[in-house]
Amino acid sequence: AHLGIQGTAAALVPSSRAMGGDEAARDVADRIFAWGSILGLILASVQWFALPVITPWFSPLEEVQRAVKGPAAISSFIHLVNGLVFAGEGVMLGLSSFRDLALITMLGVGVMVSCLASPLGKTLNGVLISLAAFNLVQGLAVTLHHVRVSPLRRRGFKLFKKR
């Protein structure tokens, strides 16, 4: 589902920019960020609330069912953040911002490797936290890029759009 958002952004942003300019592409990109966030929230919520129902399917042992709660909670958070990550990456791909995307990914990998090299990397929850840290850095960075660095960034403050 997240890859669908990314592919949609990579296709629609450049086509709307070619047809209607930066303003049209910005509107499309903003909508894609919104839909990516909604999708992330839906996937995170479904996983979180389905956990008590589906864990007994995989193991009847009470200890296993309790042990899976931590990793599942972290995975739910990752879904939430991935809504922004995949939307932002798709927008950046559509704008051919490959260098910036590579730098953002390098930053995220650096954070993840740092977490893995620390004592966090010795536990399953720690490994998932390092993945969550990677995704959080990616999500914040692609959103910041969209708002402040991208060719589609807003210039000045507009309270209401003229139609």
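For the structure itself, look to the data block above.
Analysis parameters
Counting starts from 1 at the beginning of each chain's written sequence and moves along it residue by residue. Given that the model is predicted, a residue must reach a pLDDT of at least 70 before its local features are reported, and side-chain atom pairs must reach 80 or more before they are shown or counted; all residues, however, enter totals for whole chains, interfaces and linings. Side-chain calculation: all heavy atoms of the structure are included, whereas hydrogens and water are not. Secondary structure follows DSSP: runs of H or I at least 4 residues long count as helices, runs of E at least 2 residues long count as strands, and numbering of each begins at the N terminus. Buried, partly exposed and exposed residues are distinguished by accessible area as a fraction of the type maximum, computed with a 1.4 Å probe on protein chains only: under 20%, between the cut-offs, and over 50%, respectively. Whenever two N or O atoms come within 3.5 Å, that pair is a polar contact, provided that in protein one can donate a hydrogen and the other can accept it, and provided that, for residues adjacent in sequence, both atoms are side-chain atoms. Throughout, a residue-residue contact means that at least one pair of heavy atoms, one from each residue, lies within 4.5 Å. The salt bridge criterion pairs a side-chain nitrogen of Lys or Arg with a carboxyl oxygen of Asp or Glu, the two atoms within 4 Å.

Looking at where His-146 falls in the secondary structure, it is placed in helix H5 (residues 124-149). For His-146, a relative accessible area of 10% puts it in the buried group. Engagement of the side chain of His-146 in a polar contact is seen with the side chain of Asp-30, the distance being 2.8 Å. The contact partners of His-146, leaving out residues within four places of it in the chain, are Ala-29, Asp-30, Phe-33, Val-91 and Arg-153.

Even without being glycine, Ser-96 reaches a positive phi, approximately 60°. As for its placement among the helices and strands, Ser-96 is situated in the loop between helix H3 (69-94) and helix H4 (98-117).

Attention now moves to the pattern of salt bridges. Counted under the stated rule, the structure contains 4 salt bridges. Ionic pairing is found between Glu-23 and Arg-26, a salt bridge with its closest N-O pair at 2.6 Å. On the criterion of helical spacing, the pair formed by Glu-23 and Arg-26 is a turn pair, its members being 3 residues apart in helix H1 (residues 2-58). Ionic pairing is found between Arg-154 and Asp-30, a salt bridge with its closest N-O pair at 2.4 Å. One end of the pair, Arg-154, is in the segment after H5; the other, Asp-30, is in helix H1, and 124 residues separate them in sequence.

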